[in-house]
Amino acid sequence: SEIGMLQTLTSLNISSNVIVGEIPRELQNIASLTTLDLHSNKISATEFSFIGNLKRLSYLDLSFNGLYGAIPSKIGLLTKLTELHLNNNQFSGMIPEELSRLVKLKNLTLNSNKLEGTIPKAFRNYALLQHLSLFENKLSGTVPVELNNLHKL
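Basis of the calculations
- Residues numbered from 1 in each chain as written.
- Predicted model: local features only at pLDDT ≥ 70, side-chain atom pairs only at ≥ 80, totals over all residues.
- Heavy atoms only, no water.
- Helix = DSSP H or I, 4+ residues; strand = E, 2+ residues; numbered from the N terminus.
- Contact = heavy atoms within 4.5 Å.
- Phe/Tyr/Trp six-rings, centres within 6.5 Å; stacked < 30°, edge-to-face > 60°.
- Buried < 20%, exposed > 50% of the residue type's maximum accessible area, 1.4 Å probe, protein only.
- Polar contact = N/O pair within 3.5 Å; in protein donor to acceptor, adjacent residues only side chain to side chain.
- Pairing = 2+ DSSP bridges.

Any chance you could break down the overall build of the protein chain for me, citing the residues and the numbers?
Along the protein chain, the regular secondary structure elements total zero helices and 12 strands. Counting from the amino terminus, helix and strand elements in the protein chain follow one another as β-β-β-β-β-β-β-β-β-β-β-β. With the C-alpha coordinates of the protein chain rotated into their principal frame, the extents come out at 50 × 25 × 20 Å. Contacts in the protein chain between residues far apart in sequence, at least 24 positions, make up 46% of those at least 6 positions apart.

Take a look at the structure:
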C-alpha cells in the first residue's frame, strides 16, 4: 500500500468513513506519525501489535470499530501517548498491565468493550490523567484506592 510511503506524514485522520478490513500494516513505516485517528469505521482485526512501532504517537483513536480479541500489550510501547481511545469495540480479556507505562496519558477511554478482570492498580502511574472511561465492560472487584491519588481525574 502506498500509505506507508508517506514518510513525513505527522497526522492521519480518516475517521467517520466506511473503511473496512484490517489496519494497514504499512502504517508502521510512517515513523513521523503523531496522530492516528481511525474512529467510526468498520475496521476489524485481532492483531495490530505493529502499532507499537509508532513511537511518536501522542494521539490514537481506534474507537467505534469492530476490533476484537485482547488489547495489544505493545500499545504500552507508545510512551508519548496523551490520548488513547479504544472504546466501543469488542475487545476482551484483561486490561494489559503494559498500559501502565503510558504515564503521559490525559484521556483513556476503554468503555463499551468486553474487558474482564480488575482495574489495574498500576493505573496509579497516570498522574496527568483527566478522563478515565471504563463503563460497559465486564470488570469486577473494587475500584483501586490508588486512583484516589490521581488529582487531575
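How would you explain the packing of aromatic side chains if you had to name every residue and give the values?
Summed over all chains, the structure comprises two aromatic pairs. Taking 6.2 Å as the distance between ring centres and 50° as the angle between the ring planes, the aromatic pair formed by Phe48 and Phe91 counts as tilted. On the criterion of sequence distance, the pair formed by Phe48 in the loop between strand 4 (42-43) and strand 5 (59-61) and Phe91 in strand 8 (residues 90-94) is long-range, its members being 43 residues apart. What makes Phe91 buried here is its relative accessible area of 0%. Plain terms: the ring middles of Phe123 and Tyr126 are 4.9 Å apart, the flat faces sit at 40° to each other, and that makes the pair tilted. Of the two residues examined, Phe123 and Tyr126, each falls in the buried class.

Lay out unusual backbone geometry with the relevant residues and their values.
Not every positive phi belongs to a glycine, and Ser16 is a case in point at roughly 55°. Following the sequence through the fold, Ser16 ends up in the loop between strand 1 (11-13) and strand 2 (20-21). Residue classification places Ser16 among the exposed positions, given a relative accessible area of 52%. With a phi close to 60°, Ser112 is a non-glycine residue in the positive phi region. Note on placement: Ser112 falls in the loop between strand 9 (107-109) and strand 10 (114-117). Here Ser112 falls in the buried class, since its relative accessible area comes to 12%.

Describe the side chain of Asn137, and please don't skip the residues or the numbers.
Considering the arrangement of structural elements, one finds Asn137 in the loop between strand 11 (131-133) and strand 12 (138-139). Reaching out from Asn137, the side chain makes a polar contact with the backbone nitrogen of Lys114 at a distance of 3.4 Å. Ignoring any residue separated from it by four or fewer positions in sequence, one finds Asn137 in contact with Leu110, Asn111, Ser112, Asn113, Lys114 and Leu115.

Tell me about the pairing of strand 10, and please be specific about residues and values.
Alternating positions in strand 10 separate cleanly, Leu115 and Gly117 being buried on one face and Lys114 and Glu116 remaining unburied on the opposite face. Sheet analysis places strand 10 next to strand 12, joined by two bridges and oriented parallel. Its bridge partner being in strand 12, Glu116 is matched across the sheet by Lys138.

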